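Architecture and fold: a report
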Amino acid sequence: MNFKTIYRASLIVSMWLIFIYAQAQKQPVLKGEKRLEMFQNYLELQSDTSFSNLHWQYVGPTNISGRCTDVEGISPRGDNYTIWVGSATGGVWKSINEGVTFESVFDEMPTASIGDIGIDPNNQDVVWVGTGEANIFRSSNAGCGVFKTTDGGETWKNMGLENTHTIGRVVVDYSNSDIVYVAATGHGWTPNKERGLFKTTDGGKSWKNILFINKMTGINDIVMHPENSNILYATSWERMRLKWGDPRTYENTKHCGVWKSIDGGQNWKQINQGLPDAKFRGRIGIDISKSEPEVLYLLLDNYEIGKEAENGDLDAYGRQKKDEIKGATVYRSNNAGEKWDRVSGLDKDSKKYMMRHSGTYGWVFGQIRVDPKDSNTIWTMGLFLNKSVDGGKTFKALKEMHMDHHGLWIDPNNPNYLLNVQDGGLSISYDKGENWRSPIEELPLAQFYNISYDFSENFKIVGSIQDHHSFIGEVDLSRGRDKVRTVEFMPTVGAEGCSHAIDPRDNNTIYGSIFYGNLAKSSIDNFSWETLDMLLPKPFPEEANMRGQWVSPTLLSPHNPDIIYHCMQYVMRSKDKGDTWKIISPDLTNNNPAKFGDISYQTISAFDESPLHYGLLYAGTDDGHFWRTKDQGQQWEELRGKEIPKRWVSRLVASAYDVATVYMTQTGRRDDDFQVYIWKSKDYGTTWEDISGNIPLGPVNVIREDPVDENILYVGTDQGVYISMDKGKTYSILGDLPFAYVHDLKVHSRDNMIIIATHGRGMWVLDANSINNKNRKKKWDASVPGEER
């Protein structure tokens, strides 16, 4: 055998091994075209009516809405009362009666994350929706391009740009409705080339990127001259969200700025004279005065240091403050952008006001509006809606609405009429902000992270809500299992991101965390923030600081509810209801100092204890590790399957039917990966098999066993809920749920109701009796403390 023959043979073997390896490795889904293809498979799966006709019942909360990103009205009010609202994770909503009622009009689309809405000035039935919230919160979801309706929201068509993921602004040319501009800020977590300013001249059939800078820099905002549509102003934003840090500027940041074109975007020039150096410029919002088009304003997140932090100063999350930046800064140009003058923060009081304008997260806010009839009246959006009547020199905070403001529409014919959206939903003013209808309660957009429940006669459900802290409501089955009432939820222990555990012996003692795993205990019946019992001891100076995930796992042992497990970068255990604690694991993460930042990362993100064997514990981390101990934490073994990628572990579930079986899900959301990662092990996590079956699209957030039938599994994803009747071989869509990001799912072990927490559409329940044939061969005993799974 000669060398060439040997070489060819070895090459064939190598290629075959690569092929086998590639088949063994689950490949990430990173392209928008593939997402659309997989979503089409999801729509086809809806034709399987085995379980899709079952009815989900909305529980609430009726008194809490959620983060909205844009609002648009139709002028003049009086001839028309239409309002369009874009929500962060709840889709698009339309009202034709000024908010008395709303209809969700975007439920069948491949995303419910909305960046901006643009209405055709020449035809109010033509509406463009740019998907993907540009604010890139920790829980923001990627969009899937631009969508268009020509019939007022009855039907929609995807018009492309599905790889942009986030869109800050959509502008329709008032002189030619076929011309549309889309400001795309790009992927939230990874670099990509599909960011910049896109333009279509044929109604969306084709697009051209007319202002591309690089794979890290997108276009955040764009405004059009009110008298010459070829004159455009745009702002660029160089940013990336890290798993351990919010998007911000760095020493090498150099592409955040302002741009101008006078020929419809064919040519551009930078117009940054008067602004801070590029390395200090963060997100920038822009608006133009319609009454004086030479006048423009900027809201710029300024990273120049405004105040040095003192030792012991704490931020809103209880962490040591860093030096405070100048933050929100307003600039004005009186000469069409040739030169900018700083107009805010020029005296001591104004400087202090503007440094507080956006809290510690100015990257969230980039919205400024100019009164269409008065160039000196401007509005900025930060923690509050802020109004200035002297061209930005001084501001007044309007505090009647919920905090954190993201959108404002001013009636161009009547500037007294305002529509405002924030983290609490929609508010309306008829007198230029003096008084407000707030909130408009018709928008059910609460962004839940988790579920826990108790065993009261009408069982309670509790969860943490982004931007609202934690709330508890009840499920009343007294009128019938198909007639569950919607209810208000009441405050309880826990911040806006945490997990909860309720002691099943008294249905009253509740555990939840106050930001980043800072565990507390309280009473459901007599809750108050003043009487919280903070449980975790502070580390000694020589010890590492505790790192807790936004939703840190907390679990009462199914064997004894006096035993509490709580997870930071370590697994911690208390055997006396939280009075004393012991760390029972090493740091289970990479513990890489280069990835310590202003966001807790390298933490435990998933945890469970076997209900069949005390001390058999599983833990998974946000940096892709998963572990097992069989001896109550004395020895930990890292588990690894060559086929399993390094992805955020979103759930670990120890089986209630077989002591050696454990399930795991992973989410690729923070890697801009939409693959379906669901795994099962029958040997305590030593080896794993892929049980994602025919679920078409991820990410995956949760898996649960059915409490009655060991063959049934439930899976919650970033589209909805799936059910498998054959242990994960095949799946069907469960129920008539609208498109929803399902972050948690549990089955009430006594009442046999499936409960889901959605991130953007509140909490829902579905009767499981018709699924598992409630001849209730009892696998779990509700009278046993810690029974909740």
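About the thresholds
Residues numbered from 1 in each chain as written. Predicted model: local features only at pLDDT ≥ 70, side-chain atom pairs only at ≥ 80, totals over all residues. Heavy atoms only, no water. Helix = DSSP H or I, 4+ residues; strand = E, 2+ residues; numbered from the N terminus. Rg over C-alpha atoms; globule rule 2.2 N^0.38 Å. Buried < 20%, exposed > 50% of the residue type's maximum accessible area, 1.4 Å probe, protein only. Contact = heavy atoms within 4.5 Å. Areas by Shrake-Rupley, 256 points an atom, 1.4 Å probe, with all protein chains shown as cover. Lys, Arg positive; Asp, Glu negative; His and termini not counted. Charge placed at Lys NZ, Arg CZ, Asp CG, Glu CD. Polar contact = N/O pair within 3.5 Å; in protein donor to acceptor, adjacent residues only side chain to side chain. Salt bridge = Lys/Arg side-chain N within 4 Å of Asp/Glu carboxyl O. Expected span 1.5 Å × (residues − 1). Arc of directions from axis to C-beta. Core = buried A, V, L, I, M, F, W, Y, C linked by side-chain atoms within 4.5 Å. Pairing = 2+ DSSP bridges. Axes fitted to C-alpha atoms, helices over the stretch in contact; angles between N-to-C directions. Phe/Tyr/Trp six-rings, centres within 6.5 Å; stacked < 30°, edge-to-face > 60°. Lys NZ or Arg CZ within 6 Å of the ring centre and 35° of its normal. pLDDT = per-residue confidence, 0-100.

**Description of the overall build of the protein**
Check the secondary structure of the protein and you find four helices and 55 strands. Here the C-alpha atoms of the protein give a radius of gyration of 27 Å, agreeing with the 28 Å that 2.2 N^0.38 yields for 789 residues. Projected onto its principal axes, the C-alpha coordinates of the protein cover approximately 85 × 75 × 60 Å. Looking at the 789 residues of the protein, the share that counts as buried comes to 64%. Expressed as a percentage of contacts within the protein between residues at least 6 apart in sequence, the contacts between residues at least 24 apart total 55%. Carbon together with sulfur atoms contributes 49% to the accessible area of the protein, which is approximately 29800 Å² in total. Each charge class in the protein can be summarised by its mean position, and for the 87 positive and 103 negative side chains these summaries are 4 Å apart.

**Topic: the side chain of S523**
Locating S523 in the fold gives a position in strand 35 (residues 519–523). Within the local environment of S523, its side chain forms a polar contact with the side chain of N508, the two groups lying 3.1 Å apart. Here D525 takes part through its backbone nitrogen, which lies 3.2 Å from a polar atom of the side chain of S523.

**Some details on the pattern of salt bridges**
Here the structure, examined in full by the defined rule, presents 30 salt bridges. The residue K34 makes a salt bridge to E37 at a minimum N-O spacing of 3.3 Å. Taken as a pair, K34 and E37 lie in helix 2 (residues 32–45) at a separation of three residues, close to a single helical turn. Look at K34 and you get partly exposed, because its relative accessible area is 37%. Here D673 makes a salt bridge to R647, at a shortest N to O gap of 3.1 Å. Note that D673 is positioned in the loop between strand 46 (662–667) and strand 47 (677–681) and R647 in the loop between strand 44 (637–639) and strand 45 (648–654), a separation of 26 residues in sequence.

**Side note on helix 2**
Between its terminal C-alpha atoms helix 2 stretches 20 Å, which fits the 20 Å expected from 14 residues at 1.5 Å a residue. Regarding helix 2, the residues found buried are G32, R35, M38, F39, Y42 and L45. Considered in projection along helix 2, the buried side chains sweep an arc of 115° and stay on one side of the axis. Among the structural elements, strand 51 (721–724) and strand 52 (732–733) are those in contact with the buried residues of helix 2.

**Looking at the nonpolar core**
Core analysis: the largest hydrophobic core is formed by 24 residues, its most contacted members being I678, I691, I695, I703, V715, Y722 and Y731. It is helix 2 that contributes the most residues to this core, four residues altogether. For I691, the residues in contact, after removing those within four places along its chain, are Y663, I678, W679, K680, I703, L713, K727, G728 and Y731.

**Regarding the pairing of strand 26 (residues 405–410)**
Along any regular strand, the residues point their side chains to alternate faces of the sheet. Counting buried positions along strand 26 gives six out of six residues, so the element sits mostly inside the fold. Examined bridge by bridge, strand 26 and strand 27 (residues 418–422) share five bridges and lie antiparallel to one another. Looking at strand 27, one finds that L408 is bridged to N420.

**What to know about the sheet that holds strand 38 (residues 560–567)**
The four strands lie next to each other as 37-38-39-40, forming an open sheet whose pairing is antiparallel. The strands lining the two open edges of the sheet, one partner per strand, are strand 37 (554–557) and strand 40 (582–583). Direction of pairing for strand 37 relative to strand 38: antiparallel, over a ladder of four bridges. The partner of S557 across the bridge, within strand 38, is N560.

**Looking at the sheet that holds strand 23 (residues 378–381)**
Pairing is antiparallel across the open sheet formed by four strands, whose spatial order is 22-23-24-25. A strand with exactly one partner marks an edge of an open sheet, and here the two such strands are strand 22 (368–370) and strand 25 (396–398). Going across the sheet, the axis of each strand differs from the next one's by a mean of 25°, ignoring polarity. In terms of strand pairing, strand 23 meets strand 24 (residues 385–388) through four bridges, oriented antiparallel. Residue pairing for strand 24: M381 is matched across the bridge by L385.

**Re unusual backbone geometry**
Backbone torsion omega between G60 and P61 reads 10°, so that peptide bond is classified as cis. One can find P61 in the loop between strand 1 (57–60) and strand 2 (68–73). The omega torsion of the bond from S438 to P439 falls at -10°, within 30 degrees of zero and hence cis. Along the polypeptide, P439 turns up in the loop between strand 28 (425–429) and strand 29 (452–453). Positive phi is not limited to glycine here, since F515 has a value of about 65°. Relative to the elements of secondary structure, F515 occurs in the loop between strand 34 (509–513) and strand 35. For K577, which is not glycine, the phi torsion reads 60° and is therefore positive. Positionally, K577 belongs in the loop between strand 39 (571–574) and strand 40.

**Quick notes on the packing of aromatic side chains**
What the rule picks out here adds up to 23 aromatic pairs. Note on F106 and W156: the rings are 5.1 Å apart at their centroids and 85° apart in plane angle, and the pair reads as edge-to-face. With a gap of 50 residues between them, F106 in the loop between strand 5 (103–104) and strand 6 (114–119) and W156 in the loop between strand 8 (146–149) and strand 9 (157–158) connect regions that are remote in the sequence. In this structure F106 comes out as buried when scored by relative accessible area, which is 2%. Looking at W156, the relative accessible area reads 14%, which means it is buried. Ring geometry for F527 versus W529: centroids 5.2 Å apart, planes at 75°, classification edge-to-face. Under the relative-accessibility criterion, F527 is labelled buried at 17%. The class of W529 is partly exposed, set by a relative accessible area of 39%. Through pairs of rings, three or more aromatic residues link up here, namely F39, Y42, Y722, F739 and Y741. Across the ring face of Y417, the terminal group of R77 is positioned such that the distance to the ring centre comes to 5.2 Å. Across from the ring centre of F384, 5.0 Å away, lies the NZ or CZ of K399, which sits over that ring.

**Structural notes on the environment of P539**
Following the sequence through the fold, P539 ends up in the loop between strand 36 (533–534) and strand 37. Contact partners of P539, with chain neighbours within four places excluded, come to A544 and N545.

**Overview of helix 3 (residues 348–356)**
Three or more residues of helix 3 are buried, namely S350, M354 and M355. When helix 3 is viewed along its axis, its buried side chains cluster within an angular range of 135° and face the same direction. What points out from helix 3, more than 90 degrees from its buried face, is the exposed set K348, D349 and K352. Considering only its buried residues, helix 3 is in contact with strand 19 (296–307) and strand 20 (324–333). The opening residue of helix 3, the one whose side-chain oxygen lies 3.2 Å from the backbone nitrogen of D349, is D347.

**Examining the pairing of strand 38**
Strand 38 sits mainly inside the fold: six of its eight residues count as buried. Adjacent in sequence and paired antiparallel, strand 37 and strand 38 are bridged by two residues. Taking the residues that link successive antiparallel strands as the turn, the strand 38-strand 39 hairpin has three residues.

**Considerations on the confidence of the model for the protein**
Should the pLDDT be low somewhere, the predicted coordinates at that spot are not to be read in detail. Averaged over all residues, the pLDDT of the protein equals 93, while 94% of them reach at least 70. Scored below 50 in pLDDT, residues 1–23 shows two contacts in the model against residues more than four places distant or in partner chains. Overall, residues 777–787 carries pLDDT values under 50, and its contacts beyond four positions in sequence, including any with other chains, amount to 26 contacts.

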